[in-house]
Amino acid sequence: MKQLLLVTASLCLFTMAMAQKDSTVQNKDTTTRRDTIRIAGRVLVTIVKKTGKSKSDSSTTVEYSVGPKKTANISTNWFILDLGFNNYTDNTNYASAEAQAFSPGATKDRFKLRTGKSVNVNLWLFMQRVNMIQHVVNLNYGLGLEINNYRYKEDIVFNKNPTSITASSIDYSKNKLAITYITVPLMLDFNFTPNKTSANSFGLSLGVSGGYRYSSHQKVKSSGDGKRKTRDDFDLLSYKLAYVAELKLGPVRLYGSKATQSMFDKGLDQVPYSVGIRFAKW
């Protein structure tokens, strides 16, 4: 037992000798001793001890500082919130037979949006970042819900069985199409300030996302009929592929998304996009 204790004590003394680098500096009034504790070459704690040199000055001052925290190779960001606006690029040829069959008498004016009320809300359950090159180049991926609301200026109604979009004789005070996707983003992240805190960081993320349409409905409100909600697919595509980007400017996070194709399967060629602010820790 005594031999075991002796060996253990020897190992502890050897480890401390390897982990610490001491230096002593003397000047006219004080003696300064600096101890630096390292593990794997990284500074953990630096202790500076200052002792009065003269016999009359017996005061001792101890200062210490903790070395920088090592950045993890994999970090997770839980429950990220996006708040922004939706719109779309309308490439529909309204003179075509397909467009007129889907929405009789339609022109581009029929589908104008109230841009200030066409809100995009995304709730990401998690985002994960994996270090690839010195924490400057990373791979980001996650899972969440994209909720896209399109508020129309005109009084239009989405019909089902058969699917069509027609003008309505009712004056709607509220008329919106809501589409929710389950989405997985995949981005290449460039962090140009890997050694700074999130509040002082600067970076850019670019990539793609794939979404599956979870639900869709039209919700209207009028003084005569009150509120009415119609659930259907309305010949919307069941999936959405999009280009996505994020810009990090210190504490501010800006995001953007633009689909690669129309959100409708037939009749209309309307390519949606969204922009807004992201609330996340990195």
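Residues numbered from 1 in each chain as written. Predicted model: local features only at pLDDT ≥ 70, side-chain atom pairs only at ≥ 80, totals over all residues. Heavy atoms only, no water.

**As for unusual backbone geometry**
And step 1. Omega for the peptide link from Asn161 to Pro162 comes to 0°, which places this bond in the cis form.
And step 2. You can see Pro162 is positioned in the loop between strand E8 (156-159) and strand E9 (164-167).
And step 3. Here the phi dihedral of Phe234 falls at roughly 50°; this positive angle occurs in a residue that is not glycine.
And step 4. With respect to the secondary-structure elements, Phe234 resides in the loop between strand E12 (226-231) and strand E13 (239-249).
And step 5. Taking relative accessible area as the criterion, Phe234 reaches 1% and is therefore assigned buried. (Helix = DSSP H or I, 4+ residues; strand = E, 2+ residues; numbered from the N terminus. Buried < 20%, exposed > 50% of the residue type's maximum accessible area, 1.4 Å probe, protein only.)

**Some points on the side chain of Lys176**
And step 1. Looking at where Lys176 falls in the secondary structure, it is placed in strand E10 (residues 174-191).
And step 2. Among the polar contacts made by the side chain of Lys176, one reaches the side chain of Asn149 at a distance of 3.4 Å.
And step 3. With residues near it in sequence (within four places) discarded, Lys176 still touches Asn149, Tyr150, Arg151, His217, Gln218 and Lys219. (Polar contact = N/O pair within 3.5 Å; in protein donor to acceptor, adjacent residues only side chain to side chain. Contact = heavy atoms within 4.5 Å.)

**A look at the confidence of the model for the protein chain**
And step 1. Averaged over the protein chain, the pLDDT score is 86; the fraction of residues at 70 or greater is 76%.
And step 2. Of the regions scoring below 50 in pLDDT, residues 11-23 engages in 14 contacts with residues more than four places distant in sequence or in other chains. (pLDDT = per-residue confidence, 0-100.)

**A look at the pattern of salt bridges**
And step 1. All told, the structure shown has 6 salt bridges when counted by the stated rule.
And step 2. The salt bridge partner of Asp235 is Lys266, with a shortest N-O separation of 3.4 Å. Within this pair, whereas Asp235 is found in the loop between E12 and E13, its partner Lys266 is found in the loop between strand E14 (252-259) and strand E15 (270-279), the two being separated by 31 residues in sequence.
And step 3. In this structure, Glu246 and Arg278 form a salt bridge, with 3.3 Å as the shortest nitrogen-oxygen distance. Pair noted here: Glu246 is in strand E13 and Arg278 is in strand E15, with a separation of 32 residues, a long-range link.
And step 4. Judged by relative accessible area, which is 6%, Glu246 ranks as buried.
And step 5. What you see here is one network of salt bridges that share partners, running through Asp82, Glu246 and Arg278. (Salt bridge = Lys/Arg side-chain N within 4 Å of Asp/Glu carboxyl O.)

**So, the environment of Phe102**
And step 1. Tracing the chain through its elements places Phe102 in helix H2 (residues 97-102).
And step 2. Linking Phe102 and Leu268, residues 166 residues apart in sequence, is a C-alpha distance of 7.8 Å.
And step 3. Every residue in contact with Phe102, bar those within four places of it in the chain, is listed here: Thr163, Ser164, Ile165, Phe234, Asp235, Phe264, Lys266, Gly267 and Leu268.

**Quick word on the pairing of E12**
And step 1. Alignment of strand E11 (residues 202-222) against E12, held across 6 bridges, turns out to be antiparallel. Along E12, the bridge assignment pairs Val220 with Arg228.
And step 2. The antiparallel hairpin formed by E11 and E12 contains 3 residues in its connecting segment. (Pairing = 2+ DSSP bridges.)

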